[in-house]
Amino acid sequence: MSTIHLHQTTTLTPEQYIVGLTDFGPDRSKLFANSADEYLKVHQRGRMQADVTEGSGGIWEQLHYDWSDPHHVVLTTTDSNVWGGASGHTYTFTRRPDGATDIDVVVVRDGKNLKGRLLGLVLRTIGKGVLERAFLNSFKAIEPRNGAAKEEHAA
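Residues numbered from 1 in each chain as written. Predicted model: local features only at pLDDT ≥ 70, side-chain atom pairs only at ≥ 80, totals over all residues. Heavy atoms only, no water.

Caption draft 1: Spatial organisation of helix α1 (residues 14-21). Turning to α1, its buried residues number three or more, namely Pro 14, Tyr 17, Ile 18, Gly 20 and Leu 21. All buried residues of α1 lie within an arc of 160° about the axis, which places them on one face of the element. Its buried side turned inward, α1 meets β4 (59-69), β5 (72-80), β6 (88-95), β7 (101-109) and α2 (114-142). (Buried < 20%, exposed > 50% of the residue type's maximum accessible area, 1.4 Å probe, protein only. Helix = DSSP H or I, 4+ residues; strand = E, 2+ residues; numbered from the N terminus. Arc of directions from axis to C-beta. Contact = heavy atoms within 4.5 Å.)

This is how it looks when you write it as structure tokens:
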């Protein structure tokens, strides 16, 4: 099992980032590169929860999104061709006194088969940079939607 911790500081509010995170419309891949439009299927969407299948490059997962707590969003993997067990993503939002927001993400990848275990090993070693770039790119895509002119990024 691989657990990856990511951190960014942004001018976005938690609410603004959550709006982007839960935008399951066309062109989602422009916000989240690992969510190719041809994989995207919204099974159910409520006011604070959704069940969505997404993926790319032959890897897909069905995720249960829960954003009922505006400071803590949880994506739980409910089905996948490679991920199982404790897989998912947890976003924690902390407002700073200067108006910026710290966003911490914990990504858990628990391979349920040989392909998943190998991918988990790659993520633990050289793959973290790919996730970090994708996370950073989500800010670059969401910030202009909200008129956020400046970015602060911390590792």
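Still more ground to cover, so stick around.
Caption draft 2: The arrangement of the packing of aromatic side chains in detail. This structure, assessed with the given rule, holds 7 aromatic pairs. Considering the side-chain rings of Tyr 91 and Phe 93, the 6.5 Å spacing of their centres and the 10° angle between planes classify their relative orientation as stacked. For the pair Tyr 91 and Phe 93, one class covers both residues: buried. Consider the rings of Phe 135 and Phe 139, whose centres lie 4.9 Å apart with planes at 70°: the pair is edge-to-face. Placement of both Phe 135 and Phe 139 in helix α2 is noted, with a separation of 4 residues, approximately one turn of the helix. Here Phe 135 matches Phe 139 in class, with each residue buried. Within the aromatic cluster, the residues linked to one another by ring pairs are Tyr 17, Phe 32, Tyr 91, Phe 93, Phe 135 and Phe 139. (Phe/Tyr/Trp six-rings, centres within 6.5 Å; stacked < 30°, edge-to-face > 60°.)

Caption draft 3: Structural detail: the packing of α1 against α2. Across the interface, α1 lies against α2 with an axial gap of 10 Å and an inter-helix angle of 105°. One element, α1, and the other, α2, form an angle in the roughly perpendicular class. Taken together, the residues of α2 that come into contact with α1 (itself represented by Gln 16, Tyr 17, Gly 20 and Leu 21) are Phe 135, Ser 138, Phe 139 and Ile 142. Broken down by class, the residue content of the contact of α1 with α2 amounts to 5 nonpolar, 3 polar and no charged. (Axes fitted to C-alpha atoms, helices over the stretch in contact; angles between N-to-C directions. Parallel < 35°, antiparallel > 145°, perpendicular 65-115°, else oblique. Nonpolar A, V, L, I, M, F, W, Y, C, P; charged D, E, K, R; others polar.)

Caption draft 4: Structural detail: α2. Compared with an ideal rise of 1.5 Å per residue, which puts 29 residues at 42 Å, α2 spans 35 Å between its outermost C-alpha atoms and falls more than 12% short. At Ile 126, α2 shows its maximal bend, which comes to roughly 80°. Within the span of α2, buried status applies to Gly 116, Gly 120, Leu 123, Gly 127, Gly 129, Leu 131, Phe 135, Ser 138, Phe 139 and Ile 142. Residues of α2 that are buried in the fold lie against β1 (2-10), α1, β6 and β7. If you check the start of α2, you find a side-chain oxygen 3.3 Å away from the backbone N of Lys 115, and it comes from Asn 113. (Expected span 1.5 Å × (residues − 1). Bend = angle between axes of the 7 residues up to and from the residue. Polar contact = N/O pair within 3.5 Å; in protein donor to acceptor, adjacent residues only side chain to side chain.)

Caption draft 5: Expanded view of the pattern of salt bridges. Under the criterion given, the structure shown has 9 salt bridges. Across the pair Arg 28 and Glu 54 runs a salt bridge, and its minimum N-O distance is 2.9 Å. In this pair, Arg 28 is assigned in the loop between α1 and β2 (41-45) and Glu 54 in strand β3 (residues 49-56), connecting sequence segments 26 residues apart. The same class applies to Arg 28 as to Glu 54, namely buried. Its salt-bridge partner being Asp 79, residue Lys 112 comes within 3.9 Å of it at the nearest N-O pair. Taken as a pair, Lys 112 in the loop between β7 and α2 and Asp 79 in strand β5 lie far apart in primary sequence, 33 residues in all. (Salt bridge = Lys/Arg side-chain N within 4 Å of Asp/Glu carboxyl O.)

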